[in-house]
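Single-letter residue listing:
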Amino acid sequence: MEAWVMEENNEDSRLPHYGSPNKFVSLDQLAELGVLYWKLNPNDYENDEELRKIREERGYNYMDLLDLSPEKVENYEEKLKNFYTEHIHQDEEIRYCLEGSGYFDVRDKDDQWIRIWIKAGDLIILPAGIYHRFTLDTSNYVKLMRLFMGEPVWAAYNRPQEDHPVRQEYIKSFAEKKGMALTAH
Ligand SMILES: CSCCC(=O)C(=O)O
Ligand SMILES: [Fe+2]
């Protein structure tokens, strides 16, 4: 996994959009946005003890696999277009890359896009209420595991969603963190 501040220009979304100089983003910086990350072994995911523990601790009883290729997905182009439309969800978005690669873009506190490049073995959790989107990279293929707590809800709410309670909760979580940092000093 690698993450950086995305350079916004008119180039193909499947290109990396590195800055010049490129500004990499650390796991700590991602954690400040509520984005969590694990590196796992994707080869034997059905028997992976580490994955089992994460699922158990976080209550992810639902699981399915999404093979993003034109042959395996109905309305492939339309789905990709929707994935790349900036949106939020009322729940966390949990994705585990088993094969291939792709870019999750998330908005940081200054509303800049942070591009997160996930490859086989990368599991990421985007918090409820974070603006995000997804695109394939130039390899044009990804196989993802989707996890969820309870019955899955995939509904996406496209930006703007400033009045959505989940968005407001997410924004509030920063204010709280900041307050904690201030009292710690
Ligand atoms: C291809 S999974 C990532 C796309 C997304 O943001 C979503 O499914 O809501
Ligand atoms: Fe999403």
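Just so we're clear, the structure is a prediction, and the values are computed from it rather than from any experiment.

Rules and cut-offs
Residues numbered from 1 in each chain as written. Chains lettered and ligands numbered in written order. Predicted model: local features only at pLDDT ≥ 70, side-chain atom pairs only at ≥ 80, totals over all residues. Heavy atoms only, no water. Phe/Tyr/Trp six-rings, centres within 6.5 Å; stacked < 30°, edge-to-face > 60°. Helix = DSSP H or I, 4+ residues; strand = E, 2+ residues; numbered from the N terminus. Buried < 20%, exposed > 50% of the residue type's maximum accessible area, 1.4 Å probe, protein only. Lys NZ or Arg CZ within 6 Å of the ring centre and 35° of its normal. UniProt positions renumbered as here; feature names shortened; annotations may be inferred. Contact = heavy atoms within 4.5 Å. Polar contact = N/O pair within 3.5 Å; in protein donor to acceptor, adjacent residues only side chain to side chain. Near = heavy atom within 4 Å. Areas by Shrake-Rupley, 256 points an atom, 1.4 Å probe, with all protein chains shown as cover. Nonpolar A, V, L, I, M, F, W, Y, C, P; charged D, E, K, R; others polar. Lys, Arg positive; Asp, Glu negative; His and termini not counted. Salt bridge = Lys/Arg side-chain N within 4 Å of Asp/Glu carboxyl O. Donors = N, O, S within 2.8 Å, 3.2 Å for Na, K, Ca; no water. Tetrahedral: all angles 85-135°; square planar, octahedral: opposite > 155°, others 65-115°.

**Overview of the packing of aromatic side chains**
Phase 1 of the analysis: Summed over all chains, the structure comprises 10 aromatic pairs.
Phase 2 of the analysis: Ring plane angle 70 degrees and centroid distance 4.9 Å describe the contact between Tyr 170 and Phe 174, whose orientation is recorded as edge-to-face. With Tyr 170 and Phe 174 both in helix α4 (residues 165–184), this residue pair falls four residues apart, about one helical turn.
Phase 3 of the analysis: Accessibility expressed as a relative area gives 7% for Tyr 170, which makes it buried.
Phase 4 of the analysis: Ring pairs connect the aromatic residues Trp 4, Tyr 18, Phe 24, Tyr 103 and Trp 117, which therefore count as one cluster.
Phase 5 of the analysis: The side chain of Arg 146 reaches across the aromatic face of Trp 154, ending 3.9 Å from its centre.
Phase 6 of the analysis: The lysine or arginine in question, Arg 159, covers the ring of Tyr 131, its NZ or CZ lying 4.4 Å from the ring centre.

**Overview of the UniProt feature "binding site: Fe(2+)" (unreviewed entry) in the protein chain**
Phase 1 of the analysis: According to UniProt, the feature "binding site: Fe(2+)" (unreviewed entry) maps to His 87, His 89, Glu 93 and His 132 in the numbering used here. On the basis of their most widely separated C-alpha atoms, the annotated residues across 46 residues gather in one place, lying no more than 11.4 Å apart.
Phase 2 of the analysis: Its place among the elements puts His 87 in strand β4 (residues 87–88).
Phase 3 of the analysis: For His 87, the contacting residues outside a window of four places in its chain are Asn 82, Glu 93, Ile 130, Tyr 131, His 132, Arg 133, Ala 156, Tyr 157, Asn 158 and Arg 159.
Phase 4 of the analysis: Among the polar contacts made by the side chain of His 87, one reaches the main-chain carbonyl oxygen of Thr 85 at a distance of 2.7 Å.
Phase 5 of the analysis: Inspection of the secondary structure assignment puts His 89 in the loop between β4 and β5 (93–107).
Phase 6 of the analysis: On the basis of relative accessibility, which here comes to 11%, the residue His 89 falls in the buried class.
Phase 7 of the analysis: If sequence neighbours within four positions are ignored, His 89 has contacts with Ala 128, Gly 129, His 132, Trp 154, Ala 155, Ala 156, Tyr 157 and Val 166.

**Considering the site of ligand 1**
Phase 1 of the analysis: Near ligand 1, the surroundings consist of Leu 66, Phe 83, His 87, His 89, Glu 93, Arg 95, Phe 104, His 132, Phe 134 and Leu 144.
Phase 2 of the analysis: In the environment of ligand 1, an oxygen atom lies 2.8 Å from a nitrogen or oxygen atom belonging to the side chain of His 89.
Phase 3 of the analysis: The separation between an oxygen atom of ligand 1 and a polar side-chain atom of Glu 93 is 2.9 Å.
Phase 4 of the analysis: In the complex, 95% of the free accessible area of ligand 1, which totals 290 Å², lies under the protein chains.
Phase 5 of the analysis: Listed by contribution, the elements that provide at least two residues to the shell around ligand 1 are β5 and β8 (132–136).
Phase 6 of the analysis: Here the shell around ligand 1 takes three residues from β5, the largest share from any one element.
Phase 7 of the analysis: When the residues that make up the shell around ligand 1 are grouped by side-chain class, the tally is five nonpolar, three polar and two charged.

**Observations concerning the side chain of Arg 95**
Phase 1 of the analysis: In this structure, Arg 95 sits in strand β5.
Phase 2 of the analysis: One buried charged residue, Arg 95, forms no salt bridge at all, with the nearest opposite charge on Glu 93 at 4.0 Å.
Phase 3 of the analysis: Ignoring any residue separated from it by four or fewer positions in sequence, one finds Arg 95 in contact with Phe 104, Asp 122, Leu 123, Ile 124, Leu 144, Met 145, Arg 146 and Trp 154.

**Regarding the coordination of the iron ion (ligand 2)**
Phase 1 of the analysis: Note on the iron ion (ligand 2): its protein donors are His 87 (NE2), His 89 (NE2), Glu 93 (OE) and His 132 (NE2). The metal-donor distances range over 2.0 to 2.1 Å.
Phase 2 of the analysis: One can describe the site at the iron ion (ligand 2) as octahedral: its six donor atoms subtend angles covering 75 to 170 degrees at the metal.
Phase 3 of the analysis: Going along the chain, you hit the donors of the iron ion (ligand 2) in the pattern H-x1-H-x3-E-x38-H. With His 87 in strand β4 and His 132 in strand β8, the pair connects residues that are 45 residues apart, well separated along the chain. Per residue, the accessibility class of His 87 equals that of His 132, and both read buried.

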